[in-house]
Amino acid sequence: MDETSRPLRVAIADDALLLREGIAKVLEGGGLEVVASVGTGEELVEVVREGGVDAAVLDIRMPPSYRDEGILALESLRASGSTIGVLLLSMYATPEYALRVMGAGSGTGYLLKERVSEPQTLVRAVETVASGGSVVDPEVVEQLVQRTRADDPLSRLTERERSVLELMAQGYSNGGIAQTLFLGLKTVETHVRSILQKLDLEESPEHHRRVLAVLTLLGAR
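Quick caveat, the model's predicted, so the values are computed rather than measured.

Enquirer: Break down the packing of helix α7 (residues 159–169) against helix α8 (residues 174–181) for me, citing the residues and quoting the values.
Expert: Contact pair α7 / α8: the axes reach a minimum separation of 10 Å and the direction vectors enclose 125°. By the angle class used here, α7 and α8 are oblique. Our pair here, α7 against α8, has a crossing hand that is right-handed. Facing α7, whose interface residues are Arg160, Ser163, Val164, Leu167 and Met168, α8 presents Ile177, Thr180 and Leu181. Partitioning the contact of α7 with α8 into residue classes produces five nonpolar, two polar and one charged.

Dropping the structure here:
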């Protein structure tokens, strides 16, 4: 099997064994290959550094302090140059955590653990971060959208452009946005270009600009 046809290889980290097994079952049911299952962020980092991993799914709160070990693992991976997709899971919709996760750059995501019971959502999120995209849980997006500022750059967007941007934050591709909003693909592409222009995002690789647009939505700029 060549590199283009093999399944995505995923490593899982969570201190709860039953949850790890549940995540593995969902991912394998979606055609992904789980190559490692560990209980701490440090172990996950070691697994990734050994190679053979395309994406990682890990809890935010793990031993020893049960605070932000998952994010620390993400930051460690990025500091070492790793570009694998990393999806963080949390019991709580915590905007501050989401901003730290997205601040790590492209190929990152933040979902609530309850999405594990939504197989298609979880699998699509892993595939999105593995391809360099970004994903933010809809509940977190809703909280952050309400944190508007007086000089909010999002005020420049039309209602339709705002809807497109919110779906971008959830990891939808242009095709997925078109299908969800019942729009033509070219119409969505036009909206995306308009969003990037209105948010004053300079020319750069497409994934990078989309992440910057999402960060603007989250109030990180």
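Next comes the rest of the account.
Enquirer: Talk me through the pattern of salt bridges; I want residue IDs and the actual numbers.
Expert: Taken as a whole and judged by the stated rule, the model has 13 salt bridges. For the salt bridge of arginine 9 with aspartate 54, the shortest nitrogen-to-oxygen distance reads 3.4 Å. Taken together, the residues arginine 9 in strand β1 (residues 9–13) and aspartate 54 in the loop between α2 (41–49) and β3 (55–59) connect sequence positions 45 residues apart. The partly exposed category is assigned to arginine 9, whose relative accessible area is 22%. The class for aspartate 54 is buried, based on a relative accessible area of 15%. Glutamate 166 serves as the salt-bridge partner of arginine 162, at 3.9 Å between the closest nitrogen and oxygen. Taken as a pair, arginine 162 and glutamate 166 lie in helix α7 at a separation of four residues, close to a single helical turn. If you follow the salt bridges from partner to partner, you end up with Glu114, Arg115, Glu118, Asp137 and Glu139 in one network.

Enquirer: So what's going on with unusual backbone geometry? Which residues, and what values?
Expert: Between proline 63 and the following residue, proline 64, the backbone shows a cis peptide bond with an omega angle of 10°. Position of proline 64 among the secondary structure elements: in the loop between β3 and α3 (69–79). Residue tyrosine 66 is not a glycine yet carries a positive backbone phi of 55°. Structurally, tyrosine 66 is set in the loop between β3 and α3. Even without being a glycine, phenylalanine 182 presents a positive backbone phi close to 55°. Looking at the secondary structure, you find phenylalanine 182 in the loop between α8 and α9 (185–198).

Enquirer: Any chance you could break down the pairing of β3 for me, citing the residues and the numbers?
Expert: Each regular strand displays side chains that alternate between the two surfaces of the sheet. Most of β3 is tucked away: five of the five residues are buried. Here β3 shows no split at all, with Ala55, Val57 and Asp59 on one side and Ala56 and Leu58 on the other all buried. The pairing of β1 with β3 spans four bridges and is parallel. Pairing of valine 10 across the sheet is with alanine 55, part of β3. Direction of pairing for β3 relative to strand β4 (residues 85–90): parallel, over a ladder of five bridges. Of the residues in β4, the one forming a bridge with alanine 56 is valine 86. In this view, the connection linking β3 to its parallel neighbour β4 by way of α3 has right-handed handedness.

Reading the values: the criteria
Residues numbered from 1 in each chain as written. Predicted model: local features only at pLDDT ≥ 70, side-chain atom pairs only at ≥ 80, totals over all residues. Heavy atoms only, no water. Axes fitted to C-alpha atoms, helices over the stretch in contact; angles between N-to-C directions. Helix = DSSP H or I, 4+ residues; strand = E, 2+ residues; numbered from the N terminus. Parallel < 35°, antiparallel > 145°, perpendicular 65-115°, else oblique. Left-handed = near helix turned anticlockwise from the far one by under 90°. Contact = heavy atoms within 4.5 Å. Nonpolar A, V, L, I, M, F, W, Y, C, P; charged D, E, K, R; others polar. Salt bridge = Lys/Arg side-chain N within 4 Å of Asp/Glu carboxyl O. Buried < 20%, exposed > 50% of the residue type's maximum accessible area, 1.4 Å probe, protein only. Pairing = 2+ DSSP bridges. Right-handed = clockwise from strand over helix to strand, strands pointing away.

So, to be careful, I would describe these as geometric facts and stop short of saying anything about function.
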